[in-house]
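Given next are the chains, with one letter for each unit.
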Amino acid sequence: SVLCERPQDAIKSFDRMMSLVRSLTMLMTTWYMSGWAHFIGEDYLEGMLAADKAVQRVPDVHSLSSLIANAIRAGRIEDARRATERLLEFQPDFRASHAHHLFPVRSSKTRARIQAALHDAGLSDR
């Protein structure tokens, strides 16, 4: 549902998964993907909270990118910048333009929104 840009359906599915899943890996994935669903639905504070749960357990390019994009659009500039610094510590070559490879949503408009949010948080395009 996230990749098809149906954020409300995705959020409902992720909420259901969270009540059933006990694996930390699955929970982490569910949290950061829920963050992306909230980003697509423009509910950035909720997206930031969901992504932060994943970052607290396993900070990686997926969880941190979800946190960064939501934080920057929620106006939480310092939170986005701190997450950007963390992401670049372990993946210094990550660029905002890599977003379309990591988050293959259907619409080019949403891909551009994700890339713009990452760029606005300080990630280079090149």
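Residues numbered from 1 in each chain as written. Predicted model: local features only at pLDDT ≥ 70, side-chain atom pairs only at ≥ 80, totals over all residues. Heavy atoms only, no water.

Q: What exactly am I supposed to notice about the overall build of the protein here?
A: A count of helical and extended segments in the protein gives 7 helices and 0 strands. Mapped from its N terminus to its C terminus, the protein presents α and β elements in the order α-α-α-α-α-α-α. A compact globule built from 126 residues would reach a C-alpha radius of gyration of about 14 Å, and the protein, at 13 Å, matches this within 12%. Judged by the C-alpha coordinates and their principal axes, the protein covers about 40 × 30 × 25 Å. For the protein, the proportion of its 126 residues judged to be buried stands at 43%. Pairs at least 24 apart in sequence give 60% of the contacts found in the protein among residues at least 6 apart. Working note: accessible area of the protein is about 6600 Å², and carbon and sulfur atoms make up 51% of it. Counting 17 positive and 15 negative side-chain charges, the protein places the centres of these two groups 5 Å from one another. (Helix = DSSP H or I, 4+ residues; strand = E, 2+ residues; numbered from the N terminus. Rg over C-alpha atoms; globule rule 2.2 N^0.38 Å. Buried < 20%, exposed > 50% of the residue type's maximum accessible area, 1.4 Å probe, protein only. Contact = heavy atoms within 4.5 Å. Areas by Shrake-Rupley, 256 points an atom, 1.4 Å probe, with all protein chains shown as cover. Lys, Arg positive; Asp, Glu negative; His and termini not counted. Charge placed at Lys NZ, Arg CZ, Asp CG, Glu CD.)

Q: Help me understand the packing of helix H3 (residues 44–57) against helix H4 (residues 61–73) in this model?
A: Relative orientation and spacing of two packed helices are given, respectively, by the angle between their axes and the distance between those axes. Relative to each other, H3 and H4 sit at 155°, their axes nearing to 8 Å. Considering the angle they form, H3 stands roughly antiparallel to H4. The interaxial crossing formed by H3 with H4 has left-handed handedness. Where H3 abuts H4, its residues Tyr44, Gly47, Met48, Ala51, Asp52, Ala54 and Val55 lie against Ser63, Leu64, Ser66, Leu67, Asn70, Ala71 and Arg73. (Axes fitted to C-alpha atoms, helices over the stretch in contact; angles between N-to-C directions. Parallel < 35°, antiparallel > 145°, perpendicular 65-115°, else oblique. Left-handed = near helix turned anticlockwise from the far one by under 90°.)

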